[in-house]
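Listed here are the chains, written in short residue letters.
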Amino acid sequence: YDKEVAKVVLKNAIKAIHDDVGFRLEFLHVCKMFPDMEDIEDDIMKGIERDFSDDVNAWIIRAEYEMKKKFISDGEESKATGGKRKRMKKDTVHMANRIASSFEVIMKATEQIATAEMYISSINYLETLKESHLDSSADICKHINNIFAKAKAQDIQSPELSLKHAHYLTNNHKVHDALKLLHDAVI
(Lines give C-alpha, C1' and ligand atoms only; values in the text may rest on other atoms or scores of the structure.)
Protein backbone atom coordinates (compact mmCIF):
# COMPACT_ATOMS: atom_id res chain seq x y z
CA TYR A 1 0.00 0.00 0.00
CA ASP A 2 1.07 3.57 -0.48
CA LYS A 3 0.28 6.20 2.15
CA GLU A 4 0.28 8.97 -0.42
CA VAL A 5 -2.42 7.15 -2.37
CA ALA A 6 -4.43 6.78 0.84
CA LYS A 7 -4.10 10.52 1.50
CA VAL A 8 -5.33 11.36 -2.01
CA VAL A 9 -8.26 8.95 -1.66
CA LEU A 10 -9.16 10.51 1.70
CA LYS A 11 -8.92 14.06 0.34
CA ASN A 12 -11.12 13.25 -2.66
CA ALA A 13 -13.61 11.29 -0.57
CA ILE A 14 -13.98 14.18 1.87
CA LYS A 15 -14.61 16.55 -1.04
CA ALA A 16 -17.39 14.25 -2.25
CA ILE A 17 -18.85 13.46 1.18
CA HIS A 18 -17.89 16.51 3.24
CA ASP A 19 -20.76 16.67 5.71
CA ASP A 20 -20.82 13.13 7.12
CA VAL A 21 -18.81 12.56 10.29
CA GLY A 22 -19.77 8.86 10.20
CA PHE A 23 -18.04 8.48 6.85
CA ARG A 24 -14.82 9.88 8.27
CA LEU A 25 -15.10 7.57 11.23
CA GLU A 26 -15.37 4.60 8.85
CA PHE A 27 -12.27 5.81 7.04
CA LEU A 28 -10.54 5.96 10.41
CA HIS A 29 -11.49 2.30 11.03
CA VAL A 30 -10.07 1.32 7.63
CA CYS A 31 -6.78 3.01 8.54
CA LYS A 32 -6.48 0.71 11.57
CA MET A 33 -6.23 -2.25 9.18
CA PHE A 34 -2.87 -1.04 7.86
CA PRO A 35 0.45 -0.34 9.56
CA ASP A 36 1.91 3.13 9.93
CA MET A 37 -1.31 5.04 9.26
CA GLU A 38 -1.18 7.18 12.39
CA ASP A 39 -0.49 10.41 10.51
CA ILE A 40 -3.52 9.81 8.29
CA GLU A 41 -5.61 9.00 11.37
CA ASP A 42 -4.46 12.30 12.88
CA ASP A 43 -5.40 14.12 9.64
CA ILE A 44 -8.87 12.58 9.80
CA MET A 45 -9.31 13.68 13.41
CA LYS A 46 -8.07 17.20 12.62
CA GLY A 47 -10.63 17.34 9.81
CA ILE A 48 -13.38 16.20 12.16
CA GLU A 49 -12.31 18.85 14.66
CA ARG A 50 -12.26 21.54 11.97
CA ASP A 51 -15.42 20.59 10.07
CA PHE A 52 -17.72 19.37 12.85
CA SER A 53 -17.08 21.70 15.80
CA ASP A 54 -20.83 22.03 16.44
CA ASP A 55 -21.64 18.31 16.19
CA VAL A 56 -22.21 16.51 19.50
CA ASN A 57 -21.32 13.09 18.08
CA ALA A 58 -18.10 14.41 16.55
CA TRP A 59 -16.93 15.57 19.98
CA ILE A 60 -17.65 12.16 21.49
CA ILE A 61 -15.74 10.52 18.62
CA ARG A 62 -12.80 12.81 19.37
CA ALA A 63 -12.91 11.89 23.08
CA GLU A 64 -13.01 8.19 22.18
CA TYR A 65 -10.05 8.66 19.85
CA GLU A 66 -8.04 10.25 22.67
CA MET A 67 -8.72 7.17 24.81
CA LYS A 68 -7.64 4.81 22.06
CA LYS A 69 -4.67 6.79 20.86
CA LYS A 70 -1.41 5.08 21.67
CA PHE A 71 1.34 7.61 22.24
CA ILE A 72 3.71 8.78 24.91
CA SER A 73 1.71 11.54 26.52
CA ASP A 74 4.12 12.91 29.10
CA GLY A 75 6.30 14.79 26.65
CA GLU A 76 8.74 12.06 25.77
CA GLU A 77 9.43 12.10 22.08
CA SER A 78 11.57 9.93 19.96
CA LYS A 79 14.71 11.53 18.55
CA ALA A 80 14.57 8.96 15.77
CA THR A 81 11.24 10.35 14.54
CA GLY A 82 12.36 13.96 14.59
CA GLY A 83 10.11 14.90 17.51
CA LYS A 84 6.96 13.20 16.25
CA ARG A 85 4.85 11.36 18.76
CA LYS A 86 6.05 7.84 19.15
CA ARG A 87 3.23 5.32 19.04
CA MET A 88 3.46 2.58 21.59
CA LYS A 89 1.68 -0.62 22.51
CA LYS A 90 -1.61 -0.06 24.29
CA ASP A 91 -0.49 -1.71 27.53
CA THR A 92 2.48 0.64 27.97
CA VAL A 93 0.44 3.85 27.92
CA HIS A 94 -0.50 5.21 31.29
CA MET A 95 -4.29 4.97 31.65
CA ALA A 96 -4.65 8.13 33.74
CA ASN A 97 -3.06 10.22 30.99
CA ARG A 98 -5.41 8.77 28.38
CA ILE A 99 -8.44 9.43 30.58
CA ALA A 100 -7.24 12.99 31.25
CA SER A 101 -6.75 13.63 27.51
CA SER A 102 -10.19 12.25 26.75
CA PHE A 103 -11.76 14.34 29.51
CA GLU A 104 -10.03 17.45 28.20
CA VAL A 105 -11.86 16.92 24.90
CA ILE A 106 -15.15 16.54 26.79
CA MET A 107 -14.55 19.79 28.68
CA LYS A 108 -13.87 21.61 25.40
CA ALA A 109 -17.00 20.05 23.93
CA THR A 110 -19.18 21.38 26.74
CA GLU A 111 -17.64 24.82 26.23
CA GLN A 112 -18.23 24.75 22.47
CA ILE A 113 -21.71 23.25 22.67
CA ALA A 114 -23.26 24.34 25.96
CA THR A 115 -26.48 22.32 25.65
CA ALA A 116 -28.13 19.63 27.71
CA GLU A 117 -27.65 17.23 24.78
CA MET A 118 -23.86 17.76 24.85
CA TYR A 119 -23.73 17.29 28.61
CA ILE A 120 -25.85 14.14 28.50
CA SER A 121 -23.78 12.66 25.67
CA SER A 122 -20.58 13.49 27.56
CA ILE A 123 -21.85 11.84 30.72
CA ASN A 124 -23.03 8.78 28.79
CA TYR A 125 -19.57 8.49 27.25
CA LEU A 126 -17.85 8.81 30.62
CA GLU A 127 -20.19 6.25 32.21
CA THR A 128 -19.40 3.79 29.41
CA LEU A 129 -15.71 4.49 29.91
CA LYS A 130 -16.10 3.85 33.63
CA GLU A 131 -17.73 0.47 32.98
CA SER A 132 -14.93 -0.64 30.68
CA HIS A 133 -12.12 0.65 32.93
CA LEU A 134 -13.17 -0.35 36.43
CA ASP A 135 -9.65 0.12 37.77
CA SER A 136 -9.94 3.83 36.89
CA SER A 137 -13.54 4.31 37.98
CA ALA A 138 -12.69 6.69 40.84
CA ASP A 139 -10.94 9.09 38.45
CA ILE A 140 -13.75 8.84 35.94
CA CYS A 141 -16.35 9.49 38.67
CA LYS A 142 -14.50 12.71 39.54
CA HIS A 143 -14.76 13.75 35.90
CA ILE A 144 -18.47 12.91 35.80
CA ASN A 145 -19.02 14.97 38.94
CA ASN A 146 -17.11 17.85 37.31
CA ILE A 147 -19.38 17.68 34.26
CA PHE A 148 -22.52 17.82 36.43
CA ALA A 149 -21.05 20.73 38.41
CA LYS A 150 -20.18 22.57 35.20
CA ALA A 151 -23.70 22.09 33.86
CA LYS A 152 -25.11 23.52 37.08
CA ALA A 153 -22.68 26.47 37.03
CA GLN A 154 -23.65 27.25 33.43
CA ASP A 155 -27.34 26.82 34.28
CA ILE A 156 -27.73 24.06 31.68
CA GLN A 157 -31.01 22.36 32.55
CA SER A 158 -33.38 19.83 31.08
CA PRO A 159 -35.62 17.12 32.49
CA GLU A 160 -33.34 14.49 30.91
CA LEU A 161 -30.21 15.98 32.47
CA SER A 162 -31.88 16.17 35.89
CA LEU A 163 -32.98 12.53 35.63
CA LYS A 164 -29.50 11.52 34.47
CA HIS A 165 -27.94 13.27 37.46
CA ALA A 166 -30.45 11.76 39.90
CA HIS A 167 -29.82 8.29 38.46
CA TYR A 168 -26.07 8.80 38.78
CA LEU A 169 -26.40 9.95 42.39
CA THR A 170 -28.65 7.01 43.23
CA ASN A 171 -26.18 4.55 41.69
CA ASN A 172 -23.48 6.09 43.86
CA HIS A 173 -25.52 5.65 47.06
CA LYS A 174 -26.47 9.32 47.35
CA VAL A 175 -30.23 8.85 47.39
CA HIS A 176 -30.85 11.89 49.60
CA ASP A 177 -28.93 14.10 47.15
CA ALA A 178 -30.88 12.58 44.24
CA LEU A 179 -34.19 13.32 45.92
CA LYS A 180 -33.14 16.90 46.67
CA LEU A 181 -32.03 17.39 43.07
CA LEU A 182 -35.35 16.09 41.73
CA HIS A 183 -37.29 18.20 44.22
CA ASP A 184 -35.38 21.34 43.23
CA ALA A 185 -35.86 20.53 39.53
CA VAL A 186 -39.64 20.58 39.76
CA ILE A 187 -39.88 23.72 41.86
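Placed above this text is the structure.
The present account deals with the structure reproduced in this document. Worth saying up front: this structure is predicted, and the values here are computed from it rather than measured.

1. Observations regarding the overall build of the protein
Scanning the protein from terminus to terminus reveals nine helices and zero strands. Starting at the N terminus, the α and β elements of the protein follow one another as α-α-α-α-α-α-α-α-α. Burial status across the protein gives 41% buried among its 187 residues. Taking the intrachain contacts of the protein between residues at least 6 apart in sequence as the baseline, contacts between residues at least 24 apart amount to 56%. Total accessible area on the protein stands at roughly 11,300 Å², and carbon and sulfur atoms take up 55% of it.

2. Points about the packing of helix H8 (residues 159-171) against helix H9 (residues 175-186)
The contact between H8 and H9 brings their axes to 7 Å, and the two run at 165°. As summarised for this structure, H8 and H9 are arranged roughly antiparallel, according to the angle between their axes. In the packing of H8 onto H9, the handedness of the crossing is left-handed. Contact residues: Ser162, Leu163, His165, Ala166, Leu169 and Thr170 in H8; Val175, Asp177, Ala178, Leu181, Leu182 and Ala185 in H9. Its residues placed into classes, the contact of H8 with H9 shows eight nonpolar, three polar and one charged.

3. Details of the packing of helix H5 (residues 95-112) against helix H7 (residues 137-153)
Between H5 and H7, the least distance of the axes is 11 Å, while the angle of their chain directions is 10°. Accordingly, the angle class assigned to the pair H5 and H7 is roughly parallel. Residues Ile99, Phe103, Ile106, Met107, Thr110 and Glu111 of H5 lie in contact with H7, whose contacting residues are Ile140, His143, Asn146, Ile147 and Lys150. Grouping the amino acids of the contact of H5 with H7 by side-chain chemistry returns six nonpolar, three polar and two charged.

4. Considering the packing of aromatic side chains
The tally for this structure, following the rule as stated, stands at two aromatic pairs. With centroids separated by 5.5 Å and ring planes inclined at 40°, the aromatic side chains of phenylalanine 148 and tyrosine 168 adopt a geometry described as tilted. Note that phenylalanine 148 is positioned in helix H7 and tyrosine 168 in helix H8, a separation of 20 residues in sequence. Neither phenylalanine 148 nor tyrosine 168 differs from the other in exposure class; each is buried.

What counts and how
Residue numbers run consecutively from 1 along every chain, following the written order of its sequence. Predicted model: local features are reported for residues with pLDDT of at least 70 only, side-chain atom pairs are reported and counted for 80 or more only, and whole-chain, interface and lining totals are derived from all residues. Derived side-chain values reflect all non-hydrogen atoms in the structure, with water molecules and hydrogen atoms excluded from consideration. Labels follow the DSSP assignment, with helices taken as runs of H or I lasting at least four residues and strands as runs of E lasting at least two, numbered in each case from the N terminus. Summary of the burial criterion: residues with accessible area below 20% of their type's maximum are buried, those above 50% are exposed, and those between are partly exposed, where the area comes from a 1.4 Å probe applied to protein chains only. Only heavy atoms enter the contact rule, under which two residues are in contact if any of them lie within 4.5 Å. The method behind every accessible area is Shrake-Rupley, applied with a 1.4 Å probe, and residues are considered shielded solely by the protein chains displayed. Axis geometry follows a simple rule: fit a line to the C-alpha atoms, using only the stretch in contact for helices, then measure angles between N-to-C directions, giving values from 0 to 180 degrees. In this scheme, roughly parallel covers angles under 35 degrees and roughly antiparallel covers those over 145, while 65 to 115 is roughly perpendicular and the rest are oblique. Left-handed is the label given to a crossing in which the near helix is rotated counterclockwise from the far helix by less than a right angle, and right-handed is the label when the rotation is clockwise. The classification used treats Ala, Val, Leu, Ile, Met, Phe, Trp, Tyr, Cys and Pro as nonpolar, Asp, Glu, Lys and Arg as charged, and all other residues, Gly among them, as polar. Each aromatic pair joins two rings of Phe, Tyr and Trp (for Trp, the six-membered one) with centres within 6.5 Å, and gets the label stacked for planes under 30 degrees apart, edge-to-face for over 60, and tilted for any other angle.

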